[in-house]
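Letter by letter, the chains look like this.
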Amino acid sequence: MKFTKILSALLIVAAAGSAQAAPFVNGGFEDGNTNGWTTGGGYRGDVLNPLSPTDFLPGGSQYEGPSPRSSIITAGTVDPIIGAALGTTVYNGSYSYRAEDTTTGGYASVISQKVLNYTETDIFFAWKAVLEGAHDPRESAQLVIELRDDTTGTLLISRVYDGGGGVDGRFSTSGGYFYTPQWQIEQLSIDASLSGHDFTISLLAADCAPTGHLGYAYIDGFGGDVPPPTDVPEPASAALLMLGAGSLIAARRRKQRSA
């Protein structure tokens, strides 16, 4: 009975480990690059909030090219602004993506992906943000998440986080910075009537408009299910664990028969 319980637990772990394998390409950035994604960025200057991610993507009014200020992040990287207090910068696996850089400058960076014939009921991903507090809401550093229905040409979801004023309890403060010490799991729910449509998800991280305060975000684990944390074994590892558990069960049964 004990071994059966172990095997059942490992099966659950394996299912969790493969949960984020939805129709996103490189949804966890485990290719070590931005394969499958479109990136963009530009100088926001005096452009006031709310910011539109499409303005900083190819064809947009603020687009200056693929964002040179964003980066693939490797596991074990310590955030240069908040330090160890921010915790891990990779949620799952070996890589994540940081939208926008860790210096000031009045810029914005966007990462976006289009998924075709999407039939899942949700899109999930994990994020952490560091936003330097300053100015009024029209000029502040912020994180913007948008989901568009490309089949109907409709903006379905637009969420803005700036962490300021103590309004959002998920943010902590330190030295004028608002940051999320815990990974936030974002859930974008899609009505059943839209099943099979094409969607584009975009995430924008922006410095303040007057250029003196920064904003950036770490993102990871895009898919149709809640992304498992990094301490859950990957599917291959889970399979090896199950194989080992199976061998233990077989050995135990052989021992019982020979007794």
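Here, every reference points to the structure presented above.
Here is a short report on the structure shown in this document. (Residues numbered from 1 in each chain as written. Predicted model: local features only at pLDDT ≥ 70, side-chain atom pairs only at ≥ 80, totals over all residues. Heavy atoms only, no water.)

Following the criterion strictly, the structure yields 14 aromatic pairs and no others. Between Phe24 and Phe222, the ring centres sit 6.0 Å apart and the planes meet at 45°, which makes this aromatic pair tilted. Pair noted here: Phe24 is in the loop between helix H1 (2–17) and strand E1 (38–43) and Phe222 is in strand E12 (residues 215–223), with a separation of 198 residues, a long-range link. Here the two residues Phe24 and Phe222 agree in accessibility, since each one is buried. (Phe/Tyr/Trp six-rings, centres within 6.5 Å; stacked < 30°, edge-to-face > 60°. Helix = DSSP H or I, 4+ residues; strand = E, 2+ residues; numbered from the N terminus. Buried < 20%, exposed > 50% of the residue type's maximum accessible area, 1.4 Å probe, protein only.)

A word on the nonpolar core. By size, the foremost hydrophobic cluster in this structure holds 31 residues, and its most contacted members are Phe125, Trp127 and Ile219. At the level of secondary structure, the elements contributing two or more residues to this core comprise strand E3 (95–99), strand E4 (107–118), strand E5 (122–132), strand E6 (142–149), strand E7 (154–161), strand E11 (197–206) and E12. It is E5 that provides the largest number of residues to this core, a total of five residues. Sequence-distant contacts of Trp127, that is, excluding residues within four places in its chain, are made with Leu143, Ile145, Tyr161, Arg170, Phe171, Thr180, Gln182, Trp183, Gln184, Glu186, Tyr218 and Ile219. (Core = buried A, V, L, I, M, F, W, Y, C linked by side-chain atoms within 4.5 Å. Contact = heavy atoms within 4.5 Å.)

Moving on: the sheet that holds E1. Across a sheet, paired strands are connected by hydrogen bonds in the backbone, their directions being either parallel or antiparallel. Sheet architecture is open: five strands sit in the order E1-E4-E11-E6-E7, paired in antiparallel fashion. Either end of the sheet is taken by a strand with one partner, and the two such strands are E1 and E7. Going from strand to strand, the sheet's axes swing by 15° on average, the running direction of each strand aside. As defined by bridge partners, E4 adjoins E11 across nine bridges and the pair is classed as antiparallel. By the bridge assignment for E11, Gln113 is matched with Ile201. (Pairing = 2+ DSSP bridges. Axes fitted to C-alpha atoms, helices over the stretch in contact; angles between N-to-C directions.)

We now examine the side chain of Ser52. Residue position: Ser52 is located in the loop between E1 and strand E2 (71–74). Excluding anything up to four places from it in sequence, Ser52 contacts Glu146, Arg148 and Leu204.

Let us look at the pairing of E11. Most of E11 is tucked away, with nine of its ten residues classed as buried. For E6 and E11, the ladder comprises eight bridges, and the chain directions are antiparallel. Across the sheet, the residue bridging to Glu146 is Ser202, located in E11.

Attention now goes to unusual backbone geometry. Peptide bonds are trans in most cases, and residues, glycine excluded, mostly fall at negative phi. Residue Asn49 is joined to Pro50 through a cis peptide bond whose omega torsion reads 5°. On the secondary structure map, Pro50 appears in the loop between E1 and E2. For Asn26, which is not a glycine, the phi torsion comes out positive at approximately 55°. Relative to the helices and strands, Asn26 is located in the loop between H1 and E1. When its relative accessible area of 11% is taken as the criterion, Asn26 is described as buried. Phi is positive for Glu100, close to 75°, though the residue is something other than glycine.

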